[in-house]
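The chain contents come next:
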Amino acid sequence: MTYFKFLLGLLFLLTANAYAQEAVLKGKLLDDEGNPLPGAVVQVKGTPRGVQTDFDGIYTITCEIGDTLVITYVGYATREIPVTAAMFDAADVTMQQLRTAVAPIRNSAYEQAIRQNNPSFHGIPDLNSSTLTYTVNRKYFDVNRIKAISKQDSVVRLFTFADEAFFEIGVSQRSGLQYVSDRNLHQTQNRYAQGRPVDGSLTYRGPETGELFSYGPLLSNLEYDGTTYPYDRNGKPVAAGQGSGMPVKPYSNSVFNTGFNTATSTKVSVYYDIHKLELDLANGTQRDLFDQDRNVYNRISLGYQKNSGTFPYTFKAGYNTSKTGNANLNALHNQIYYSSLITPPSFSNTQGNRFDNGMQRSFSPGNFNNPYWLLQTNQNQITQDAFSLQGNAAYQGEKFHLRLKAYYDKSGEEQEVNLPPGTAGFAAGLRTQKDFESQNLNTEAKVAWSDLYITDFLNFNPSASLHYAYSALDFDFQETGSISTQRMENPSKSTLQMLNTLRADADFYDFNFSLTLQQKFFTSSLQGSAWWLPDFILKANLGGLFYSDFVRQLNFTAAYSKNVGDLSLYYSNYGYNSLNLQLAESQQYTTNADLFNNSALNLEAITDFDLSLEANLWSQVAVNLNYYRTTTENAIFPVFEAGSWQLKNIASLRDAGFEATIELDTYHYSDKRNFRYSTAFSFSTHNPVVLGLKNANAGRIPLAGFEEISQNLITGQPISVLYGSAYLRDAQGNLLIAADGFPFTAVEPQILGDPIPDFNLGWSNTLRYKKFLLQFKLDWQQGGKVWNGTQQVLNYLGTSQESARDRTLTNYIFDGIAPDGTPNTRPVAFAPVDAPVTSNRWVRYGYAGVAEAAIADGSFLNLQNLSLTYELKQEQTDLFKELSLSLYGNNLWNSAGFQGANPYSNLFGTTAGNALHYFNMPLAAEVGIHLNFKI
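Residues numbered from 1 in each chain as written. Predicted model: local features only at pLDDT ≥ 70, side-chain atom pairs only at ≥ 80, totals over all residues. Heavy atoms only, no water.

Undergrad: Could you clarify how one ought to interpret the overall build of the protein in this entry?
TA: If you tally the helices and strands in the protein, you get five helices and 48 strands. Each of the 935 residues in the protein was classed as buried or not, and the buried ones make up 50%. Intrachain contacts of the protein at a sequence separation of at least 6 include 64% that bridge at least 24 residues. Working note: accessible area of the protein is about 42,500 Å², and carbon and sulfur atoms make up 54% of it. (Helix = DSSP H or I, 4+ residues; strand = E, 2+ residues; numbered from the N terminus. Buried < 20%, exposed > 50% of the residue type's maximum accessible area, 1.4 Å probe, protein only. Contact = heavy atoms within 4.5 Å. Areas by Shrake-Rupley, 256 points an atom, 1.4 Å probe, with all protein chains shown as cover.)

The structure is reproduced here in structure tokens:
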């Protein structure tokens, strides 16, 4: 095996005339045979400073740690080398230097210096994951071909594998335990039995009565009678002293169990000369939160790459399959969670979910399900497979560039739903099947000319691209039962987009800027055409104006663009499917009102305006600020008209927001301490508003929810504003109280709250000490209103902890105005024993309650991830190029506006309804081990 002396063997010596943060770097450029490269250009990126190497390949240039050197030489690929502390030789540092002396290049060499000492905001990729190439004898090679790097005689040399074939194998294996913490579940009561007040006393009413409520007697006042009772193996609960003496204890009806998840991926790469062959294999299993069934997936892909200097190209083929049992179709998982939470503590779901005659055993047969009936009798399943081909090729001339891309995929998905007869919500059972067969073809051709000389400071860069896409879908839906239905759809479309670009680059001594003018046209066989879609982009690099250690880089960008929204063939946002249901009918929810793109729709028209500022301060702090404003005309949403759901161009929307990121990296001070800390803050806030609606019924378009509560488009209001039932108030906003002391409800629904948060803030941290790496990330949302429908229903049925705590409350006075116009003074009891259950505080307003009463704060703070990694090996000279072991945890701790809130969930798992919490699946945590190695 021959060692190549790589082209860019670099020597960096700090000379004695270094002052403050600057230093003079002296380097030598060598070819693969060790010969000097005279006349190569070495320039500090983003500045006018640049030099040429002399006859011996030596250059001297003034730069700073954090700068990037751009090295160009005719016939070789341009290289960008970041200046790091590890590249200076401390032996020649004089006492005149004001900063801490830096260490010489270590044996772990350049790759480790890059991986450990560059901040992310410099955009320098890890060599192990880079797609960059280097050049030897005008052949372009993948950087993975580098075997080792060393410093000899003041020259950094890269040693590579020889021309004969060699291989690289990478394996990543992740295994974890997934669980749901009790603190992430809604609080249920364990004190009161199923039943209600009867004749002035709290009476147990068992499942055979069809009782819905858990407003019965205290469990401590009951015992089992010891008789044969089909709903409890211990007998029927009776008053203490009238049975067997065996006290009634609360049952735990939690349905969540710890599951074991695995994911393994293997990548085999074979290199020969300028050729690369790559094989990727992946397999994994993901258990559901009930540990009842799993998703199993397998993926395989094979790729070939030729790194030719003038015409590189790649091809890749892939195939993947997956199968999911106990699939969450028609919100099955939400229904299981719902059934467990509403179960009275006097009933055990685990004593069996069916009787000998096959009928379901539940606490209220025919009204509600036993969660294990749903878990163990459903045959819901999703089966998927997909095949893909892709390729790209490029021609890289001195000025002229050509790029060709093509992608094709064919995929299939089968969704089977099978619920047996006797299921609450589907008394006759439910059996449906959806089949999706889709094909997609995407091609793109782009030609570009670079650096067309105009003057000494002005260059033009024109380009043109053409993108063609074709999509076809075969959809088949069948429902079998007493009445069988079938629906078939075969939509297809083709789109063509052309983009013409002219970029002018002006480079002055202290600053440079570019102006990009673009014109697009887009046409769709379904949704029409848009012929005038201009873009204007102005970029300015102003860092050179400051000549300051404080401001090292300052970039300003302003952009204005017009685009179109092209709808996919299948509308997959199922949020509208529940809008025609009352909340009490939620067990009947299905997602069978499928919608498709069609020729009656027009393209959405999108106008964007952006301002951004990027700054690099002290070479260690990166600041990115961005303001945006987006307007969408002809926005497409589902509308219920003429007895069916239809897609319509129905809304005009606007969203304006501000985003900021700040990154700090201590790489500058970390070299000799084996310690490095980096932290990043990301802040965002936005204000999406509905500008107008077309042909809107009652001035609003519901997006997700139920008849009593929904998220909506309402002119002048935030997008997805909450709208639902409310209390009756006077002109001053005071509650109007009825003669019985309880608040009136308004006849008409009201706007209840803005779900848009005040801001979101993310904080990520990385701390490295020697070979240990500690990382964690916090996610914080402040503000935004949500509807806690779960609590509302649990209160109604009497299984919530709140209803158990407050049901004995008496002499409570609601703050409001009495019928006579004076402040209310009428005391009430929340759940009096001498009154019907239908008159108590929570049942009187019905199953859905008053939506206003369930509006809650959407703020949350979540520890998204935490990991500790030990890198066992970093040097490339041994067998392992990489070997690391990590312990990780996801969602280990969180705090929200109410217990049981999952801030990342939507109603029934759809992409809409983010502010509707109705038995949404709880936030799951995971802890595990991640092993990663490469040889």
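Undergrad: Would you mind showing me how to read the sheet that holds strand E16 (residues 246-247) here?
TA: Neighbouring strands of a sheet are bound in pairs by backbone hydrogen bonds; such pairs are parallel or else antiparallel. Reading across the sheet, the three strands line up as E15-E14-E16 and stay open at both edges, with antiparallel pairing between neighbours. A strand with exactly one partner marks an edge of an open sheet, and here the two such strands are strand E15 (237-239) and E16. Of the strand pairs in this sheet, strand E14 (residues 222-224) and E16 are connected by two bridges, and their pairing is antiparallel. The residue bridging glutamate 223 from the neighbouring strand is proline 247, located in E16. (Pairing = 2+ DSSP bridges.)

Undergrad: Sorry, what's going on with the packing of aromatic side chains here?
TA: The geometry of an aromatic ring pair is captured by two quantities: the separation of the ring centres and the angle between the planes. One pass over the full model with this rule turns up 50 aromatic pairs. Where phenylalanine 400 meets tryptophan 449, the ring centres are 5.3 Å apart and the plane angle is 55 degrees; that geometry is what we call tilted. Taken as a pair, phenylalanine 400 in strand E22 (residues 400-419) and tryptophan 449 in strand E23 (residues 430-449) lie far apart in primary sequence, 49 residues in all. Site record: aromatic cluster; members linked through ring pairs are Phe213, Tyr215, Phe742, Tyr796, Tyr812, Phe814, Phe830, Trp842 and Tyr847. (Phe/Tyr/Trp six-rings, centres within 6.5 Å; stacked < 30°, edge-to-face > 60°.)

Undergrad: What exactly am I supposed to notice about helix H4 (residues 789-797) here?
TA: For the α-helix, the turn length of 3.6 residues means that residues three or four positions removed from each other point alike. Of all nine residues in H4, nine are buried, a share of seventy percent or more. Along H4, the positions that sit buried rather than exposed are Gly789, Thr790, Gln791, Gln792, Val793, Leu794, Asn795, Tyr796 and Leu797. Among the structural elements, helix H2 (332-341), strand E43 (785-788), helix H5 (801-806) and strand E47 (916-917) are those in contact with the buried residues of H4. In the stretch just after H4, glycine 798 is the one whose phi turns positive, near 85 degrees.

Undergrad: What exactly am I supposed to notice about the nonpolar core here?
TA: A general feature of soluble globular proteins is that nonpolar side chains tend to end up buried together. Core analysis: the largest hydrophobic core is formed by 90 residues, its most contacted members being Phe256, Trp787, Tyr918 and Phe919. Going through the elements one at a time, E14, H2, helix H3 (371-377), E22, E23, strand E25 (458-480), E43 and H4 are the ones with two or more residues in this core. No other element matches H2, which puts five residues into this core. Excluding anything up to four places from it in sequence, phenylalanine 919 contacts Asn334, Tyr337, Tyr338, Leu341, Ile342, Thr790, Val793 and Leu794. (Core = buried A, V, L, I, M, F, W, Y, C linked by side-chain atoms within 4.5 Å.)

Undergrad: Explanation requested: the pairing of strand E36 (residues 675-693) in the structure shown.
TA: Both faces of the sheet carry side chains from a regular strand, because those side chains alternate between them. The pairing of strand E35 (residues 644-665) with E36 spans 15 bridges and is antiparallel. Its bridge partner lying in E36, arginine 654 is registered against valine 689.

Undergrad: I would appreciate a short explanation of the confidence of the model for the protein in the present structure.
TA: Predicted coordinates in areas of low pLDDT are best not read in detail. On average, residues of the protein carry a pLDDT of 84, and 81% of them reach 70 or more. The model gives residues 1-22 a pLDDT under 50, and that stretch makes 97 contacts with residues more than four places away or in other chains. This model gives residues 84-141 a pLDDT under 50, and the stretch forms 161 contacts once residues within four places in sequence are excluded. (pLDDT = per-residue confidence, 0-100.)

Undergrad: Looking at this structure, how should I read the pattern of salt bridges?
TA: Opposite charge on two side chains permits them to pair, given that their charged atoms come into close proximity. The final tally for this structure, using the stated rule, is 18 salt bridges. For aspartate 665, the salt bridge goes to arginine 676, with nearest N and O atoms at 2.5 Å. Separated by eleven residues along the polypeptide, aspartate 665 in strand E35 and arginine 676 in strand E36 bring together distant segments of the chain. Each member of the pair, aspartate 665 as well as arginine 676, carries the same accessibility label: buried. Across the pair glutamate 852 and arginine 729 runs a salt bridge whose closest N-O atoms are separated by 2.4 Å. Residue glutamate 852 is found in the loop between H5 and strand E44 (855-857), and its partner arginine 729 is found in the loop between strand E39 (721-724) and strand E40 (750-753); the two are separated by 123 residues along the sequence. A relative accessible area of 38% places arginine 729 in the partly exposed class. (Salt bridge = Lys/Arg side-chain N within 4 Å of Asp/Glu carboxyl O.)

Undergrad: Any chance you could explain unusual backbone geometry here in plain terms?
TA: When glycine is set aside, most residues are seen to have a negative phi, and most peptide bonds are trans. In this structure, aspartate 199 takes a positive phi of about 55 degrees despite not being glycine. Relative to the assigned elements, aspartate 199 resides in the loop between strand E12 (195-198) and strand E13 (201-204). Positioned with a positive phi, phenylalanine 908 is a non-glycine residue whose angle comes to about 55 degrees. Along the chain, phenylalanine 908 falls in the loop between strand E46 (882-896) and E47. Assessed through its relative accessible area of 6%, phenylalanine 908 is described here as buried.

Undergrad: So what exactly am I meant to see when it comes to H2 here?
TA: Within H2, ten of the ten residues are buried, which leaves the element mostly enclosed by the surrounding structure. Considered for burial, the residues of H2 that qualify are Leu332, His333, Asn334, Gln335, Ile336, Tyr337, Tyr338, Ser339, Ser340 and Leu341. Residues of H2 that are buried make contact with H3, E22 and H4.

Undergrad: Would you take a moment to explain the sheet that holds strand E38 (residues 709-714) for this structure?
TA: Judged by pairing direction, the sheet is antiparallel, and its four strands sit side by side in the order E37-E38-E39-E40 without closing on themselves. Only two strands of the sheet have a single partner each, and these edge strands are strand E37 (700-705) and E40. Here the strands of the sheet are splayed against their neighbours by 45 degrees on average, with no regard to which way each runs. Here four bridges tie E38 to E39, and the two strands are oriented antiparallel to one another. What sits directly across from isoleucine 709, in E39, is glycine 724. (Axes fitted to C-alpha atoms, helices over the stretch in contact; angles between N-to-C directions.)

Undergrad: I'm lost on the pairing of strand E29 (residues 528-541) in this one. Help?
TA: Across twelve bridges, the pairing between strand E28 (residues 512-524) and E29 is antiparallel. Bridged to glutamine 518 within E29 is aspartate 535. Between E28 and E29, which pair antiparallel one after the other, the connecting turn spans three residues. Sheet topology note: the E29/strand E30 (residues 551-565) ladder contains seven bridges and is antiparallel. Paired with aspartate 535 across the strands is serine 561, a residue of E30.

Undergrad: Please clarify how the environment of glycine 543 should be interpreted in this entry.
TA: Along the chain, glycine 543 falls in the loop between E29 and E30. Separated by eleven residues in the primary sequence, glycine 543 and leucine 554 have C-alpha atoms spaced 4.5 Å apart. Here glycine 543 is in contact with Val551, Gln553 and Leu554, once residues within four sequence places are set aside.

Undergrad: Help me understand the side chain of aspartate 779, please; the structure alone is not making it clear to me.
TA: When you line up the elements, aspartate 779 lands in strand E42 (residues 772-782). Within the local environment of aspartate 779, its side chain forms a polar contact with the side chain of tyrosine 904, the two groups lying 2.7 Å apart. The contacts of aspartate 779, once residues within four sequence positions are left out, are Leu761, Phe860, Leu861, Asn862, Gln864 and Tyr904. (Polar contact = N/O pair within 3.5 Å; in protein donor to acceptor, adjacent residues only side chain to side chain.)

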